[in-house]
Amino acid sequence: MIVLIVGASMRVRAGDAPAKSIFDHSNIVAWCIVPYDAKQRNPEDRAAMLGRLGIHRFAYDWRAEHLPHLEEELAALQRHHIELTAVWFPTTLNTDGKFILETLEKHKLRPQIWLMGGGKPTNSAAEQAARVESESERVRPIAEAARRIGCVVALYNHEGWFGEPENQLAILDRLKMDNVGIVYNFHHGHAHVYRFASLLEKMKPHLLALNLNGMETGAVPAGHQIMPLGQGELDLGMLKLVAASGWRGPVGILNHTTDADAEARLGDNLAGLDWLAAQIDGKPAGPRPVPASWKR
């Protein structure tokens, strides 16, 4: 039997508490490793790579050329005992979206559906209300289709209007659907770092997944939007907030760069995460890890 996602219930809530630390490798999800991988691995090689790293949860991002191989991807995950934790989804319930849902239903899988959006800032209360309504109506048919096969939908912050957590919370309030929540991404939240504590508290009842990234002041202008964990000056403080929040859902690490070997970048993220987690737990952490896949 293909491994099913744990905790993808029809009621959005903070994720199932792992038996160990939230930053334990058993709770780690690999993200942005399909189109973003210098080695362009096939499904079998990708699943084997995750096994070597000791990562057993996977979020599937894809481009048009990858979808015809979705069945191969699922079979490889099954062979290597990798859980399909989430699937990136089109912005509308188009042909690709329907194919994904049909394939998931066929294999009795219930991953989170990660849904993006965009849009320029609104300029008035009336425009804001109209945007919330129109985006809610864009999300609704996807959420209804996902619910029919037992999946939850997570609104994914990808910058723009849709990437602001307050706007996503307004959409959730408008929808009032019990299978829609939020996945928050550090790498698209550089503008939020100094209010992350308050945002986390607001998002926590709806947060389905959290994707980590190295964070520092001025990261985007410096070309450091994507940076391994442990290399940013803000990483420890932000992870301390997560650990102290009581939220216990799946935590993602990412490659998200086409010029890096996904295995090396994931390994750098694991090393950085372990270094940070040791400090959070009050244990000897040793020197900061030196990444193999990244340099300033």
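Fair warning: this is a prediction, and the values are worked out from it, not measured in the lab. (Residues numbered from 1 in each chain as written. Predicted model: local features only at pLDDT ≥ 70, side-chain atom pairs only at ≥ 80, totals over all residues. Heavy atoms only, no water.)

(A) Spatial organisation of the packing of aromatic side chains. If you walk through the whole model with that rule in mind, you get eight aromatic pairs. Centroid distance tryptophan 31 to tyrosine 156: 5.9 Å. Interplanar angle 65 degrees. Geometry classified as edge-to-face. On the criterion of sequence distance, the pair formed by tryptophan 31 in strand S1 (residues 28–31) and tyrosine 156 in strand S5 (residues 153–156) is long-range, its members being 125 residues apart. Of the two residues, tryptophan 31 and tyrosine 156, both sit in the buried class. Aromatic ring contacts, followed pair by pair, group Trp31, Trp114 and Tyr156 into a single cluster. Across from the ring centre of tryptophan 88, 5.2 Å away, lies the NZ or CZ of arginine 63, which sits over that ring. Cation over ring: arginine 138 sits above phenylalanine 162, and NZ or CZ is 5.1 Å from the ring centre. (Phe/Tyr/Trp six-rings, centres within 6.5 Å; stacked < 30°, edge-to-face > 60°. Helix = DSSP H or I, 4+ residues; strand = E, 2+ residues; numbered from the N terminus. Buried < 20%, exposed > 50% of the residue type's maximum accessible area, 1.4 Å probe, protein only. Lys NZ or Arg CZ within 6 Å of the ring centre and 35° of its normal.)

(B) Structural detail: the packing of helix H2 (residues 70–79) against helix H3 (residues 95–106). At a closest axis distance of 11 Å, the pairing of H2 and H3 adopts a crossing angle of 35 degrees. Here H2 and H3 pass one another in a crossing that is right-handed. On H3, the residues that touch Leu70, Glu71 and Leu74 of H2 are Phe99, Ile100, Thr103 and Lys106. (Axes fitted to C-alpha atoms, helices over the stretch in contact; angles between N-to-C directions. Left-handed = near helix turned anticlockwise from the far one by under 90°. Contact = heavy atoms within 4.5 Å.)

(C) Expanded view of the packing of helix H4 (residues 125–148) against helix H5 (residues 165–175). Orientation of H4 relative to H5, taken along the N-to-C sense of each, is 65 degrees, at an axis distance of 9 Å. Between H4 and H5, the interaxial angle falls into the category roughly perpendicular. In terms of crossing hand, the pair formed by H4 and H5 is right-handed. The segment H4 lies against H5, with Gln128, Val132, Glu133, Glu135, Ser136, Val139 and Arg140 engaging Asn167, Ala170, Ile171, Arg174 and Leu175. Across the contact of H4 with H5, the residue classes tally to five nonpolar, three polar and four charged. (Parallel < 35°, antiparallel > 145°, perpendicular 65-115°, else oblique. Nonpolar A, V, L, I, M, F, W, Y, C, P; charged D, E, K, R; others polar.)

(D) Inspection of H3 at higher detail. The first and last C-alpha atoms of H3 sit 16 Å apart over twelve residues, in line with the 16 Å expected at 1.5 Å per residue. Every buried residue of H3 is accounted for by Gly97, Ile100, Leu101, Thr103 and Leu104. Each buried residue of H3 sits inside an arc of 160 degrees when the element is viewed along its axis, so together they form one side. Every exposed residue of H3 that faces more than 90 degrees away from the buried side is listed here: Thr95, Glu102 and Lys106. Contact partners of the buried residues in H3: H2, strand S3 (83–89), strand S4 (112–115) and H4. For H3, the side-chain oxygen to backbone nitrogen distance between the N-cap and aspartate 96 is 3.1 Å, and the N-cap itself is asparagine 94. Looking one or two residues beyond H3, the residue adopting positive phi is lysine 108, at roughly 55 degrees. (Expected span 1.5 Å × (residues − 1). Arc of directions from axis to C-beta. Polar contact = N/O pair within 3.5 Å; in protein donor to acceptor, adjacent residues only side chain to side chain.)

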